Amino acid sequence: MSFADQMIRTAPSGTGYPTEELAECIRACMDCAQACVACADACLGEDDPAELRRCITLNLNCGDVCYTAARVLSRQTAYDSGISRSIVETCLMTCQRCAQECERHTTVHEHCRICADACRACEQACNQLLAS
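Residues numbered from 1 in each chain as written. Predicted model: local features only at pLDDT ≥ 70, side-chain atom pairs only at ≥ 80, totals over all residues. Heavy atoms only, no water.

Novice: Even after reading the chapter, I still don't get the packing of helix 2 (residues 19–45) against helix 3 (residues 53–73), so can you show me in this structure?
Specialist: Helix-helix packing is characterised by the crossing angle of the two axes and by the distance between the axes. One can describe the packing of helix 2 onto helix 3 by two numbers: an axis separation of 8 Å at closest approach and a directional angle of 155°. By the angle class used here, helix 2 and helix 3 are roughly antiparallel. Between helix 2 and helix 3 the crossing geometry is left-handed. Here helix 2 contributes L22, C25, I26, C29, M30, C32, A33, C36, C39, A40, C43 and L44 to the contact with helix 3, which in turn contributes C55, I56, N59, L60, C62, G63, C66, Y67, A69, A70 and L73. Considered class by class, the residues forming the contact of helix 2 with helix 3 number 21 nonpolar, 2 polar and no charged. (Axes fitted to C-alpha atoms, helices over the stretch in contact; angles between N-to-C directions. Helix = DSSP H or I, 4+ residues; strand = E, 2+ residues; numbered from the N terminus. Parallel < 35°, antiparallel > 145°, perpendicular 65-115°, else oblique. Left-handed = near helix turned anticlockwise from the far one by under 90°. Contact = heavy atoms within 4.5 Å. Nonpolar A, V, L, I, M, F, W, Y, C, P; charged D, E, K, R; others polar.)

If you want it as structure tokens, here you go:
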């Protein structure tokens, strides 16, 4: 059981989402945020980071959005469905775009493949949460 799952289960008020889907989305967002920051850093370490400019920008944006989504979703007291839905939809869209860009570089950069996988996993978790 993840820490997110444990915290959700001990919250004094109910949540706006099913516990398992919420915990999985928070975990996927945090994993994706870390992968995106690490991928941007790896891109900067490549011989020609200028050719990876779009990838770096999307990595950093996606990392920030995923981190913010995880933080917002972790606050379920006085839950606001509009804000939660909006941040999850934004996270989903950002992950899609970042994954698409990283997938363009997977034959050359393994870190981009890993980041794309993290983005796709987060995208899936966001979709599952929105459908719950």
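Novice: How should helix 3 be read in this particular structure?
Specialist: Note: α-helices contain 3.6 residues per turn, so residues at a spacing of three or four share the same orientation. Counted at 1.5 Å a residue, the expected span for helix 3 with its 21 residues is 30 Å, and the 30 Å between its end C-alpha atoms agrees. The complete set of buried residues in helix 3 reads C55, I56, L58, N59, C62, G63, V65, C66, A69, A70, V72 and L73. Contacts from the buried residues of helix 3 go to helix 2, helix 4 (81–103) and helix 5 (110–131). (Expected span 1.5 Å × (residues − 1). Buried < 20%, exposed > 50% of the residue type's maximum accessible area, 1.4 Å probe, protein only.)

Novice: Honestly, the nonpolar core in this entry has me stumped. Any pointers?
Specialist: Grouped burial of nonpolar side chains is what soluble globular proteins tend to show. With 43 residues, the main nonpolar core has C66, C91, C119 and C122 as its most contacted residues. Elements represented by at least two residues in this core include exactly helix 1 (3–10), helix 2, helix 3, helix 4 and helix 5. Residues within four places of C66 in sequence aside, it is in contact with C29, C32, A33, C91, C95 and C122. (Core = buried A, V, L, I, M, F, W, Y, C linked by side-chain atoms within 4.5 Å.)

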